[in-house]
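Listed here are the chains, written in short residue letters.
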Amino acid sequence: MDVMVELKQIGVIYHTLEGEIEAVKDVSFSVEKGEFISIIGPSGCGKSTILSLISGLIKPSRGTVNVNGKIGYMLQKDYLFEWRTIYKNVIIGLEVQHMINSETEKRILKLMENYGLIDFKDFYPRQLSGGMRQRAALIRTLAIDPDILLLDEPFSSLDYQTKLLISDEIWSIIKKEGKTAILVTHDIAEAISMSDKIIVLSKRPAVVKNIYKIELTCEERTPIKCRRAPEFREYFNSIWKELEVHV
Amino acid sequence: MYNGSQKINYSQEHLKFLKKVQRERLIIRICQISILIIFLLLWEWAANLRLIDPFITSQPSRILKTLALLYREGILFKHTMVTVIETVIGFLSGTLLGILIAIIFWWSDFIYRISEPYLVVLNSLPKIALGPILIVWIGNGQPAIIVMALVISIIVTILTILTGFMEVDEDKIKLLKTFGATKFQILTKVVLPSGIPSIISALKINIGLSWVGVIVGEFLVAREGLGYLIIYGGQVFKLDLVMTSIIILSIIAYLMYIAVLYIEKYIVKWN
């Protein structure tokens with residue numbers, strides 16, 4: 001299997017006038033093609049820092065990051081630009097990368113059609129519900145045709161029911177498009193239900209505490225259905241303990 | 001909600017509510033107009049009865065006569081246009097230059113931090129004090145008046161717009177960075193569009209300040225324009241002329257403000 005992302009003994013130090021903060025101490029892991037992995041850990045442990053490293057927004061103080069493919073980043077909120085229509089929002093990545101042509105436009109319209117946004121193409125973001133906005137944000141990320149999706153708690157601003165439904169939907173979209181995904185979350189159940197692998201981080205400065213390979217027995221592998229798998233509770237309990245000890 | 005194309009059948013209660021809101025609006029408008037009319041009538045009446053001296057306070061009928069006279073002599077249009085053109089040029093150049101400088105400061109934090117103390121001093125300086133210097137440097141004419149309007153408005157413009165630029169959500173910028181956006185793309189795709197509300201509030205402040213600049217400039221240069229009519233009227237004790245000019249001034253200033261509101265509505269259509 002192709003390794004899409006590889007982190008080797010990463011360390012990150014933030015500098016402020018008050019002093020230096022060691023955010024990440026020693027993190028190594030790799031992600032293979034088509035895998036869905038989650039990074040979980042107590043808040044402020046440097047989870048988002050790791051996504052910033054992978055996307056190249058920041059450089060590590062130590063260690064190496066290898067990325068083999070194009071990155072798509074999905075942030076905590078949708079951050080749709082209120083002065084642009086949904087369509088204009090969705091193509092902003094292509095616009096920035098000067099990739100707008102009839103072919104990419106067609107592909108985007110296809111994506112919007114597949115995921116139920118085509119009728120809202122010329123609406124402004126404030127006219128859409130939270131779930132639809134999140135879907136628009138995902139299509140904006142998919143529009144540039146990334147190989148690796150970085151998801152930074154993308155469901156945390158939604159209410160519980162919408163969150164379950166949208167995470168199910170987005171998971172299916174990611175699987176259908178054959179993308180590799182790295183999800184950062186502090187929601188244990190969300191991580192178990194969506195991932196093939198879970199990386200548990202310690203509190204700051206982050207080190208990898210444990211890596212769980214998730215194998216759930218359920219008829220249909222979708223996040224909502226797999227919440228009922230018998231192994232679900234066991235994973236939940238052991239990850240819960242792992243996190244609790246270090247709070 | 002009434003959405004233009006679609007009509008919805010409302011309940012009786014809602015219709016009542018709408019009617020109430022409409023009636024309140026009407027009452028407010030009637031009160032506003034009545035106050036103006038009563039004030040004008042009182043003024044006229046008090047002057048006719050010599051309760052006040054119309055030589056000093058003027059009176060509505062005299063103002064109308066002056067207006068007609070100025071119109072017949074062809075002076076009204078000429079002086080008004082001079083002032084309006086000066087204000088518009090001062091206003092536009094102050095706004096554009098202000099936006100440009102705000103962009104430079106946003107672009108380079110280094111330049112901004114160096115300039116900051118100077119901006120603070122210039123902001124607190126009463127710019128009118130520069131009037132005589134401007135006339136000596138630029139000459140006793142229209143350019144000096146326009147520069148006066150510009151000098152008065154530009155610092156506030158820079159500060160207002162820059163604050164708007166700085167308040168742009170960092171995560172919106174991060175979003176563009178994840179797509180690999182250049183600084184110029186960040187400027188044109190996020191910072192400028194989300195700075196539009198602050199640019200518009202700068203326009204609203206500017207329009208008033210440009211008028212101040214132009215009128216003070218015309219006081220000093222004293223050749224033509226409404227400011228000149230006011231200062232001239234004051235010197236020769238023609239208070240009718242002063243009052244007439246002030247009234248024309250307030251009407252035009254109001255119209256310009258309305259124009260800015262109209263522009264706002266047109267640009268900020270996503271709300």
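Presented here is an overview of the structure given in this document.

Focus on the overall build of chain B
Across its full length, chain B holds 12 helices and zero strands. Element order for chain B, N to C, with α for helix and β for strand: α-α-α-α-α-α-α-α-α-α-α-α. Relative to the 2.2 N^0.38 estimate, which gives 18 Å for 271 residues, the radius of gyration of chain B is 24 Å and therefore markedly larger than a compact globule would have. Along the three orthogonal principal directions, the C-alpha set of chain B runs to about 75 × 70 × 30 Å. With 271 residues in all, chain B has 31% of them scored as buried.

Concerning the interface of chain A and chain B
With 14 residues of chain A at the interface, the matching set in chain B holds 14 residues. By residue number, the principal contributor to the side of chain A that touches chain B is helix H3 (residues 92-96) of chain A, which donates three residues. Its residues assigned to classes, the side of chain A that touches chain B shows 10 nonpolar, three polar and one charged.

Here's the deal with the nonpolar core
In terms of nonpolar packing, the biggest core is built from 109 residues, with Ile139, Ala143, Leu150, Ile182 and Ile198 of chain A touching the most fellow members. When residues in this core are grouped by element, the largest group, 15 residues, is from helix H7 (residues 142-166) of chain B. Those residues in contact with Leu150 of chain A that sit more than four places away from it in its chain are Leu51, Ile54, Ser55, Ile71, Gly72, Tyr73, Met74 and Ile182 of chain A. Grouped together as the second largest cluster of nonpolar side chains are eight residues, Tyr228, Leu229, Val242 and Leu249 of chain B included.

Here we look at the sheet that holds strand E8 (residues 197-201) of chain A
Strand pairing in a sheet relies on backbone hydrogen bonds. The paired strands run either parallel or antiparallel. All names here are of chain A. Across the sheet, nine strands lie side by side as E4-E1-E2-E9-E8-E3-E7-E6-E5; this open sheet has mixed pairing. Every other strand in the sheet has two partners, leaving strand E4 (62-67) and strand E5 (71-74) as the edge strands with one partner each. Across the sheet, the axes of successive neighbouring strands diverge by a mean angle of 20°, strand direction being ignored. For strand E1 (residues 3-16) and strand E2 (residues 19-32), the ladder comprises 10 bridges, and the chain directions are antiparallel. When the sheet's bridge partners are listed, Ile13 is paired in E2 with Glu22.

Concerning the pairing of E8 of chain A
All names here are of chain A. With respect to burial, E8 is a largely interior element, four of its five residues being buried. Of the strand pairs in this sheet, strand E3 (residues 36-40) and E8 are connected by four bridges, and their pairing is parallel. Paired with Ile40 across the two strands is Val200, which belongs to E8. Across five bridges, the pairing between E8 and strand E9 (residues 206-213) is antiparallel. Across the sheet, Ile199 pairs through a bridge with Ile211, a residue of E9. The loop that links E8 with its antiparallel partner E9 comprises four residues.

Remarks on helix H6 (residues 160-176) of chain A
Residue and element names in this part refer to chain A. Helix length check: H6, at 17 residues, gives a terminal C-alpha distance of 24 Å against a target of 24 Å (1.5 Å per residue), a fit within 8%. Buried residues of H6: Ile166, Ser167, Ile170, Trp171 and Ile174, and no others. Seen from one end, H6 has its buried residues packed into an arc of 140°, which puts them on one side. Facing away from the buried side of H6, by more than 90 degrees, are the exposed residues Gln161 and Lys176.

Section: the environment of Val88 of chain B
As for its placement among the helices and strands, Val88 of chain B is situated in helix H4 (residues 75-107). Val88 of chain B sits 58 residues away from Ile146 of chain B along the chain, and the two C-alpha atoms are 9.0 Å apart.

Some thoughts on the environment of Phe237 of chain B
With respect to the helices and strands, Phe237 of chain B occurs in the loop between helix H11 (226-235) and helix H12 (239-267). Considering only alpha carbons, one finds Phe237 of chain B and Thr87 of chain B, 150 residues apart in sequence, at a separation of 26 Å.

Thoughts on helix H10 (residues 196-221) of chain B
Residues and elements named next belong to chain B. Taking 1.5 Å per residue as the helical rise, H10 with its 26 residues ought to reach 38 Å, and the 35 Å between its terminal C-alpha atoms agrees with that figure. By the largest-angle criterion, Asn206 marks the main kink of H10, which is about 25°. Residue Ala222 follows H10 closely and has a positive phi angle near 50°.

Each value, and the rule that gives it
- Residues numbered from 1 in each chain as written.
- Chains lettered and ligands numbered in written order.
- Predicted model: local features only at pLDDT ≥ 70, side-chain atom pairs only at ≥ 80, totals over all residues.
- Helix = DSSP H or I, 4+ residues; strand = E, 2+ residues; numbered from the N terminus.
- Rg over C-alpha atoms; globule rule 2.2 N^0.38 Å.
- Buried ≥ 20, exposed ≤ 12 C-beta atoms within 10 Å, placed from the backbone.
- Contact = placed C-beta atoms within 7 Å.
- Nonpolar A, V, L, I, M, F, W, Y, C, P; charged D, E, K, R; others polar.
- Core = buried A, V, L, I, M, F, W, Y, C linked by C-beta atoms within 7 Å.
- Pairing = 2+ DSSP bridges.
- Axes fitted to C-alpha atoms, helices over the stretch in contact; angles between N-to-C directions.
- Expected span 1.5 Å × (residues − 1).
- Arc of directions from axis to C-beta.
- Bend = angle between axes of the 7 residues up to and from the residue.

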